[in-house]
Amino acid sequence: MAGFDIRIVRATPDMAAYVDGLRSNFFVNARVKVSMCGDSYDFDVDSVQQPYEKIEDSCPDCAYLGRDDAAIYLAFVEEQLVGQVCVEEDHNNMARVWGLRVEHGHSHHGIATSLMNTVKAWAVDQGLHWLRAETQDVHVTACMFYRDYGFVIGGFDRFYLQATPGSEDETAIVWYLEV
């Protein structure tokens, strides 16, 4: 891990100031295009003609602090917050995963993998059998992470984000991982 001592902590209500403390913007210079390959989905990456910065509103994840059916995990390197992920018990013996973020400059150091390993362990402890995550086609890095981690695409929805300002032309992609 090349000198990175990553510490993963389950956020408690007294850590609310850290939750959602990471950036929520990124540059879109490519998009994922989902297609069927036999009995499963795969994707290609196509560049966009005019790259742009995507700024997403923060979700009020603090509402999930202190709940038995949900958890927020924070990743620290030394005392610096460098990552976050949220998970909650969903229906059908699944855990819904969202808000996986790694701070700029800390990518490719195993932080997202450490966070996802922690989420996976949480789901197993809860007696859940699957993880479910959603990305958008403009989150190429997220799509590649989920695929490389072992998730598979379960479906996509071209219209789900039609009523979300700034995301009207994006496609929602749903990912699944059996744990």
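Nothing here was measured: the structure is a model prediction, and the numbers come from that model.

Basis of the calculations
Residues numbered from 1 in each chain as written. Predicted model: local features only at pLDDT ≥ 70, side-chain atom pairs only at ≥ 80, totals over all residues. Heavy atoms only, no water. Helix = DSSP H or I, 4+ residues; strand = E, 2+ residues; numbered from the N terminus. Rg over C-alpha atoms; globule rule 2.2 N^0.38 Å. Buried < 20%, exposed > 50% of the residue type's maximum accessible area, 1.4 Å probe, protein only. Contact = heavy atoms within 4.5 Å. Areas by Shrake-Rupley, 256 points an atom, 1.4 Å probe, with all protein chains shown as cover. Lys, Arg positive; Asp, Glu negative; His and termini not counted. Charge placed at Lys NZ, Arg CZ, Asp CG, Glu CD. Expected span 1.5 Å × (residues − 1). Arc of directions from axis to C-beta. Pairing = 2+ DSSP bridges. Axes fitted to C-alpha atoms, helices over the stretch in contact; angles between N-to-C directions. Phe/Tyr/Trp six-rings, centres within 6.5 Å; stacked < 30°, edge-to-face > 60°.

## A closer look at the overall build of the chain
Reasoning step 1: For the chain, the count of helices and strands is two helices and nine strands.
Reasoning step 2: Against the 2.2 N^0.38 benchmark of 16 Å for 179 residues, the chain shows a C-alpha radius of gyration of 16 Å, consistent with a compact globule.
Reasoning step 3: Considering only C-alpha atoms, the chain reaches an extent of 40 × 35 × 35 Å along its principal axes.
Reasoning step 4: The buried share of the chain, taken over its 179 residues, is 43%.
Reasoning step 5: A sequence separation of at least 24 residues applies to 66% of the contacts in the chain between residues at least 6 apart.
Reasoning step 6: When the accessible surface of the chain is totalled, it reaches about 9900 Å², and 48% of it is carbon and sulfur.
Reasoning step 7: Where the 13 positive side-chain charges of the chain centre and where its 28 negative ones centre are 2 Å apart.

## Looking at helix H1 (residues 111-125)
Reasoning step 1: Here H1 spans 21 Å end to end across 15 residues, near enough to the 21 Å set by a 1.5 Å rise per residue.
Reasoning step 2: Of the positions making up H1, those classed as buried are Ile 111, Ala 112, Leu 115, Met 116, Val 119, Trp 122 and Ala 123. Viewed end-on, H1 has its buried residues packed into an arc of 125 degrees, placing them on one side of the element.
Reasoning step 3: Next to the buried residues of H1 lie strand S1 (6-10), strand S4 (70-77), strand S5 (80-89), strand S6 (94-102), strand S7 (130-136) and helix H2 (140-149).
Reasoning step 4: Immediately beyond the C-terminal end of H1, within one or two residues, lies Gly 127, with a positive phi of roughly 80 degrees.

## Some remarks on the pairing of strand S2 (residues 25-37)
Reasoning step 1: Sheet topology note: the S2/strand S3 (residues 40-55) ladder contains 12 bridges and is antiparallel. By the bridge assignment for S3, Ser 35 is matched with Asp 42.
Reasoning step 2: Adjacent in sequence and paired antiparallel, S2 and S3 are bridged by two residues, among which Gly 38 carries a positive phi angle near 70 degrees.

## Comments concerning the sheet that holds S7
Reasoning step 1: With mixed pairing, the seven strands of this open sheet are ordered in space as S1-S4-S5-S6-S7-S9-S8. The open sheet has two edge strands with one neighbour each: S1 and strand S8 (152-157). Strand-to-strand twist across the sheet, computed as the mean angle between neighbouring axes with direction ignored, equals 25 degrees.
Reasoning step 2: Judged from the four bridges that link them, S6 and S7 form a sheet pairing that is parallel. Residue pairing in the sheet places Met 94 in a bridge with Trp 130 of S7.

## Side note on the packing of aromatic side chains
Here a ring pair, both rings aromatic, is described through the centre-centre distance and the interplanar angle of the planes.
Reasoning step 1: On inspection of all chains with the given rule, the structure shows nine aromatic pairs.
Reasoning step 2: Ring centres 5.2 Å apart and planes at 85 degrees place the aromatic pair Tyr 18 and Phe 76 in the edge-to-face group. You can see Tyr 18 sitting in the loop between S1 and S2 and its partner Phe 76 sitting in strand S4, a full 58 residues away along the chain.
Reasoning step 3: On the accessibility criterion, Tyr 18 (37% relative accessible area) is partly exposed.
Reasoning step 4: Its relative accessible area of 3% is what places Phe 76 among the buried residues.
Reasoning step 5: Taking the centre distance of 5.7 Å and the plane angle of 65 degrees together, the rings of Phe 145 and Tyr 146 count as edge-to-face.

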